[in-house]
Amino acid sequence: MAIITISRGSYSKGKEVAEKVAARLGYNCISREVLLEASKRFNIPEMKLIRAIHDAPSILDRFQHSKQAYISYIRSALTQRANMDNIVYHGLAGHILLKGVPHVLKVRITVNMKDRIASEMERESIGEKEALALLLKDDHERRKWTKSLYGVDPWDSSLYDLVIRIYKLSVDDAVDFVCQAACRQQFKTTDSSRHIMDDLAIACQVKASLVDHFFDVAVTSEYGNVIIYTKTRERQGQRLKKKVEILKEEIEGINNLEVHAGLPYPPDAV
Amino acid sequence: MEPLTTEMILVMAMIAIAIFLFIVEWIRVDVVAILMMVTLPLLHLVTPKEAFIGLSSNAVVSIIAVIIIGAGLDKTGLINRIVNPVLRIAGKSEKRVVIAISLTVSGISSFMQNIGAAALFLPAIQRVSKLREIPLGKLLMPIGFSAILGGTITLVGSSPLILLNDLLEPFGLKPFNLFDVTPIGLALVASGIACFVFFGRFILPKGNKEADEEGAQPAEADTLPALQEAYELHTPDDFTDYRDPVTVGDLRRRYLVNVVAITEPPDFKVLSPGQDVQVRSDMDVGVFGPEKNVRRMAEGEGMALKDHIDTFKEDLEDGSSGMVEAVLAPRSALAGKTLNQINLQERYNVTPLAIYHRGETYRAEIGDMILEVGDAIPLYGTWRKIIVLQKEKTLLFSTPEDVELMRPEKAMVAGFWLAVALMMIMVFKIQLSVSLMTGALGMIITRVLSIDEAYQSVDWRTIFLLAGLIPLGIATEKTGAASWIAHAVLNTIGTVSPIMLLTVIGILSTIFTLVISNVGATVLLVPLVVNMAIAAHTDPRMAALVVGLATSNSFMLPTHQVNALYMGPGRYRSVDFMKAGLLISIVFIIVMIGMIYLLYGV
């Protein structure tokens with residue numbers, strides 16, 4: 001069936017919507033599991049991953065490229081889960097991480113600021129001003145993060161299929177809408193959308209295995225024919241070659257693997 | 001027994017030197033042969049005329065003619081029509097390919113000259129080697145040996161056996177029937193092939209690195225894409241229902257399979273279609289690619305893979321289209337451009353299959369790669385289109401021998417001339433060389449192949465190797481060295497059991513046939529052993545038969561015509577023949593004596 005990504009700010013009831021949608025449609029609801037999986041698989045503390053996906057890259061990060069690496073790890077973990085289909089993902093940046101897959105229903109849930117402040121005050125037992133400041137900071141961080149890494153504003157409604165503001169509409173209304181939309185023909189998994197999802201998963205896996213040493217590679221996959229694009233022509237060539245040879249054996253579903261050097265990266269590359 | 005003369009000693013010394021040089025290979029074997037050709041007359045062991053008589057000998061001229069006939073038959077694709085079904089039965093396994101071709105060749109060589117069978121199949125075997133990526137060295141030796149062994153299946157299979165009855169006549173012995181030797185011959189062929197199947201790993205040469213350095217032939221097989229072949233598929237009636245249109249380019253990107261032909265309704269055939277041509281329902285699609293990928297595509301897209309090429313039979317046949325490797329020449333105008341910019345597909349109607357760039361093979365998204373001087377591009381297309389492209393001279397072709405037009409339309413003519421040559425030999429009993437040369441000439445006159453192509457097909461290494469050893473044989477006989485050795489050996493062993501005597505005769509014939517021609521050895525030994533056998537109360541017919549058979553036991557040195565022919569293309573060294581030949585020769589003698597014992601109870 002479909003993959004549903006729910007994007008949300010903190011205290012925006014997005015999680016509630018996600019869980020209810022998952023329960024009604026019988027889907028798996030995932031968010032933190034993806035982080036856990038990634039941190040386990042790539043041996044990184046979960047905290048570091050959370051920070052990577054949450055905070056905008058600092059100057060230092062830009063040199064180390066560790067942020068890009070972590071995002072590759074998360075993306076790899078997510079695409080592999082999404083590969084199984086029938087999931088609701090309400091973690092961060094699902095709409096970006098699963099870009100290009102046709103059967104993904106992208107939803108954004110927003111909530112009236114007053115309600116968010118109230119929730120925050122209740123949960124953290126803090127004052128109104130403090131809560132507002134925290135929420136604004138959090139929103140700012142998230143926008144900055146998406147902008148700096150992907151060049152898009154998460155508040156831009158054109159990124160989503162459905163933007164629902166929980167104010168006059170209740171959580172249950174939102175769940176109704178999302179479920180209805182998810183059952184539309186457009187979001188049904190087809191042969192070709194399956195292939196796109198599979199290929200995205202393979203490309204993400206390849207990228208995640210390489211990003212540690214070769215941060216600036218881009219990977220595409222079509223029906224298991226993987227191309228790794230790299231800028232470096234000679235330098236690193238041998239090392240990359242060796243690593244790629246191993247990947248061929250390690251990652252399932254690769255039919256052919258080639259390294260193309262010195263070519264412009266295709267826009268849909270991972 | 002006559003005394004040992006100086007000449008005899010000199011001849012034996014020359015034989016020893018020749019064998020020594022064959023083994024150490026300080027100079028190439030054909031040069032050794034030329035050395036003999038020159039030294040023997042200088043030592044007055046043969047007359048100058050005899051020294052070069054080999055070049056005009058019946059055997060050498062026959063070989064030249066049969067090689068030309070073979071090239072002609074190959075050019076028209078006639079041999080392929082025999083080899084292809086054999087290969088289809090054999091499947092993909094190297095061993096089964098060896099067994100299948102060996103059996104075919106030995107079968108054919110059982111009723112015609114061994115060298116003929118071997119020469120006719122040589123071009124086809126070279127193609128099989130390239131296609132299946134089996135090193136030529138692994139194929140030629142087993143097949144060559146099978147051709148020699150096949151000569152023992154019938155009484156007309158090899159020259160010694162043809163002679164045998166004539167040689168028995170003066171003694172008033174009963175002649176052999178055509179198929180009297182068949183059980184022995186079949187056992188010999190079977191044991192020979194079995195040796196290669198079971199011990200091939202140990203006795204066949206492993207690498208040909210050193211031989212490569214001689215630069216006899218560039219190793220093209222290494223660089224051609226792995227196991228690419230043409231296949232034909234059919235799309236079902238509901239192929240385009242409920243799905244996005246599939247284009248030729250999609251299939252290439254998804255499965256790395258190149259569509260090289262497609263049918264357009266009502267019944268047009270489009271060769272090398274463009275990347276944006278759509279694949280529709282109920283179409284035939286001719287593709288070129290590795291089998292694995294083609295099967296993946298058939299499954300993934302729901303196409304039916306046909307057992308063999310049917311609709312595009314004439315278009316995709318080896319004779320009319322195929323693959324060549326084009327290399328970007330220095331200063332080529334194409335350097336710095338991409339394949340998409342050059343647009344080979346639309347301009348020349350050829351399909352680029354991959355790019356070899358700095359030692360790497362690229363198959364996916366090759367259209368965007370920037371070409372550099374020295375990059376190689378395997379192209380698939382009809383020969384006519386490829387020749388047009390070749391004339392532009394922007395690309396060099398590294399496999400030029402493939403860029404010859406095959407002439408399938410001449411197949412009947414080529415077959416006719418082969419039949420004429422065989423008729424002349426079998427029915428009219430005209431001398432072999434004359435008959436075969438008539439066939440070769442006929443092919444040239446009827447333009448099956450041009451005279452230049454005929455010259456090119458003849459391998460000088462083979463000619464000189466054989467021609468140079470003929471005076472050595474003459475000298476051995478003329479000086480009496482051969483009969484002296486034979487007498488000496490047979491006298492030394494004295495009276496022994498019949499089996500022992502036959503074994504010694506077998507070994508003696510084997511050694512003689514390695515140095516003297518097999519016919520020479522037979523003529524020399526048969527009268528000798530018949531007398532010996534009568535004296536030792538052994539069946540003289542069996543003794544003669546052993547000579548007739550064992551003179552085909554010529555595997556340890558590349559002196560047999562078939563071995564000489566295959567030595568060059570297979571890039572074998574004398575050592576390779578000694579290693580494999582020793583085993584086969586021993587097995588030969590054991591099997592031969594065993595079979596004679598079983599059949600005739602000697």
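A. Structural context of the overall build of chain B. A count of helical and extended segments in chain B gives 27 helices and 13 strands. Counting all 602 residues of chain B, 47% fall into the buried class. Of all intrachain contacts in chain B linking residues separated by at least 6 positions in sequence, the fraction that spans at least 24 positions is 79%.

B. Focus on the overall build of chain A. Across its full length, chain A carries 11 helices and eight strands. When burial is assessed residue by residue, chain A has 39% of its 270 residues classed as buried.

C. Quick look at the interface of chain A and chain B. With nine residues of chain A in contact, the opposing surface of chain B contributes 11 residues. Elements with a contribution of two residues or more to the side of chain A that touches chain B: strand 7 (225–230) and strand 8 (256–261) of chain A. For the side of chain A that touches chain B, the element with the most residues is strand 8 of chain A, which contributes three residues. In the side of chain A that touches chain B, the residues fall into three nonpolar, four polar and two charged.

D. Structural detail: the packing of helix 4 (residues 58–75) of chain B against helix 18 (residues 411–426) of chain B. All names here are of chain B. Relative orientation of the contacting elements helix 4 and helix 18 amounts to 150 degrees, with a least axis distance of 9 Å. Comparing their axes, helix 18 and helix 4 come out roughly antiparallel. Along this stretch, helix 4 crosses helix 18, giving a crossing that reads as left-handed. Here helix 4 contributes Ile69, Gly72 and Leu73 to the contact with helix 18, which in turn contributes Ala414, Leu418 and Ala421. Residue classes in the contact of helix 4 with helix 18 are distributed as five nonpolar, one polar and no charged.

E. View of the packing of helix 1 (residues 6–24) of chain B against helix 21 (residues 460–478) of chain B. Residue and element names in this part refer to chain B. At their nearest, the axes of helix 1 and helix 21 sit 10 Å apart, and the two run at 150 degrees to each other. Comparing the axis directions of helix 1 and helix 21 gives the class roughly antiparallel. The handedness of the crossing between helix 1 and helix 21 is left-handed. Packed against helix 1, whose contacting residues are Val11, Met14, Ile15 and Ala18, the element helix 21 presents Leu472, Ala475 and Thr476 at the interface. Per-class residue counts for the contact of helix 1 with helix 21 are six nonpolar, one polar and no charged.

F. Inspection of helix 24 (residues 518–535) of chain B at higher detail. All names here are of chain B. End to end, helix 24 covers 25 Å across 18 residues, agreeing with the expected 26 Å (1.5 Å per residue, within 8%). Where helix 24 bends most, at Leu525, the angle is about 35 degrees, and the proline Pro527 comes one to four residues later. Contacts made by the buried residues of helix 24 are with helix 9 (159–168), helix 21, helix 22 (481–493), helix 23 (498–515) and helix 25 (540–550). Immediately beyond the C-terminal end of helix 24, within one or two residues, lies His537, with a positive phi of roughly 55 degrees.

G. Looking closely at the nonpolar core. If you look at the biggest cluster of nonpolar residues, it comprises 134 residues, and the most contacted ones within it are Ala118 and Ala543 of chain B. For this core, the element with the highest residue contribution is helix 4 of chain B, accounting for 12 residues. Counting the residues that make up this core, at least three belong to each of domain 1 (10–212 + 461–600) and domain 4 (408–459) of chain B. If sequence neighbours within four positions are ignored, Ala543 of chain B has contacts with Leu502, Ile505, Val529, Val530, Met532, Ala533 and Thr538 of chain B. Within the second largest apolar cluster, 107 residues are counted, among which are Ile71, Ala203 and Leu210 of chain A together with Ile355 of chain B.

H. Broad picture of the sheet that holds strand 8 of chain A. Residue and element names in this part refer to chain A. One open sheet accounts for three strands, arranged 6-7-8; its pairing is mixed. Looking at strand neighbours, the two that pair on one side only are strand 6 (218–222) and strand 8, the edges of this open sheet. Averaged over all neighbouring strand pairs, the angle between strand axes comes to 20 degrees, with direction disregarded. One ladder, built from six bridges, connects strand 7 with strand 8; its direction is parallel.

I. Broad picture of the pairing of strand 3 (residues 258–264) of chain B. Residues and elements named next belong to chain B. Within strand 3, five of the seven residues are buried, which leaves the element mostly enclosed by the surrounding structure. The sheet contact formed by strand 3 and strand 6 (residues 284–290) spans four bridges and is antiparallel. Residue Asn258 lies in a different strand from strand 6, and its bridge partner there is Phe288. Sheet topology note: the strand 3/strand 4 (residues 268–271) ladder contains four bridges and is antiparallel. Across the sheet, Thr263 pairs through a bridge with Lys269, a residue of strand 4. The antiparallel pairing of strand 3 with strand 4 creates a hairpin that spans three residues between the two strands.

J. Quick peek at the sheet that holds strand 2 (residues 28–30) of chain A. All names here are of chain A. Here five strands make up an open sheet; going across it, the order is 2-3-1-4-5 and the pairing parallel. The open sheet is flanked by strand 2 and strand 5 (162–166), the only strands paired with a single partner. Averaged over all adjacent pairs, the angle separating strand axes in this sheet is 20 degrees, with direction ignored. Pairing analysis gives five bridges linking strand 4 (residues 104–111) to strand 5, with the strands arranged parallel. Paired with Val107 across the strands is Leu162, a residue of strand 5. The sheet contacts of helix 1 (residues 14–25) involve strand 1 (3–8), strand 2, strand 3 (87–89) and strand 4, and relative to strand 1 the element is tilted by about 165 degrees. Along the sheet face, helix 9 (residues 171–182) touches strand 1, strand 4 and strand 5 and points at about 170 degrees away from the line of strand 5.

K. Focus on the pairing of strand 8 (residues 321–328) of chain B. Residue and element names in this part refer to chain B. Most of strand 8 sits inside the fold, with seven of its eight residues counted as buried. Where strand 8 lies against strand 12 (residues 376–382), seven bridges are found, and the strand directions are antiparallel. In the strand pairing of strand 12, Val324 is matched with Leu379. Pairing of strand 8 with strand 13 (residues 395–397) involves three bridges; the strand directions are antiparallel. Each residue of the ladder has a partner; that of Val327, found in strand 13, is Leu396.

L. Geometry of the confidence of the model for chain B. All names here are of chain B. Averaged over all residues, the pLDDT of chain B is 81; the fraction at 70 or higher stands at 94%. For the stretch residues 208–226, pLDDT sits under 50, and the model shows 25 contacts to residues farther than four places along the chain or on other chains. The ipTM, which scores confidence in the relative placement of chains, is 0.75 for this predicted complex, and the corresponding pTM is 0.55.

M. Up close: the environment of Arg253 of chain B. Turning to its location among the elements, Arg253 of chain B is positioned in helix 12 (residues 248–255). Overall, the presence of 18 C-beta atoms within 10 Å leaves Arg253 of chain B in the partly exposed class. Spatially, the C-alpha atom of Arg253 of chain B lies 9.1 Å from that of Arg363 of chain B, the residues being 110 residues apart in sequence. Aside from chain neighbours lying at most four places away, what touches Arg253 of chain B is Glu222 and Asn225 of chain A together with Ala364 of chain B.

N. Inspection of the environment of Gln561 of chain B at higher detail. Positionally, Gln561 of chain B belongs in helix 26 (residues 561–570). Separated by 417 residues in sequence, Gln561 of chain B and Gly144 of chain B have C-alpha atoms that sit 9.7 Å apart.

O. How the structure looks around unusual backbone geometry. Residues and elements named next belong to chain A. With a phi angle near 50 degrees, Tyr223 is a residue other than glycine that sits in the positive phi range. Relative to the helices and strands, Tyr223 is located in the loop between strand 6 and strand 7. Tyr223 sits in the buried class, given 23 other C-beta atoms within 10 Å.

Rules behind the numbers
Every chain's residues receive numbers from 1 upward, in the order its sequence appears when written. A letter from A marks each chain and a number from 1 marks each ligand, given out in the order of writing. Note on the predicted model: pLDDT of at least 70 is required for a residue's local features to be given, and 80 or more for side-chain atom pairs to be given and counted; whole-chain, interface and lining totals, by contrast, use all residues. In this description a helix means any DSSP run of H or I spanning at least four residues, a strand means any run of E spanning at least two, and both kinds are numbered starting from the N terminus. Field definition: a residue is buried when 20 or more other C-beta atoms are found within 10 Å of its C-beta, exposed when 12 or fewer are, and partly exposed for counts in between, with C-beta atoms placed from the backbone. Throughout, a residue-residue contact means that the two C-beta atoms, derived from backbone geometry, are no farther apart than 7 Å. Under the scheme applied, nonpolar residues are Ala, Val, Leu, Ile, Met, Phe, Trp, Tyr, Cys and Pro; charged residues are Asp, Glu, Lys and Arg; polar residues are all the others, including Gly. Axes here refer to lines fitted to C-alpha atoms; in helices the fit is confined to the stretch in contact. Angles between the N-to-C directions go from 0 to 180 degrees. Roughly parallel covers angles under 35 degrees, roughly antiparallel covers those over 145, roughly perpendicular covers 65 to 115, and oblique covers all other angles. A crossing counts as left-handed when the near helix is turned anticlockwise from the far one by less than a right angle, and as right-handed when that turn is clockwise. An expected span of 1.5 Å times one less than the residue number is assigned to each helix. Two axes enter the definition of the bend at a residue: one is fitted to the seven residues ending there, the other to the seven starting there, and the bend is the angle between them. The nonpolar core is taken to be a set of buried Ala, Val, Leu, Ile, Met, Phe, Trp, Tyr and Cys residues joined by way of C-beta atoms within 7 Å. Domain start and stop points were drawn from an automatic or database domain assignment. One requirement defines pairing of two strands: DSSP has to find at least two bridges between them. Residue-level confidence of the predictor is what pLDDT reports, using numbers from 0 through 100.

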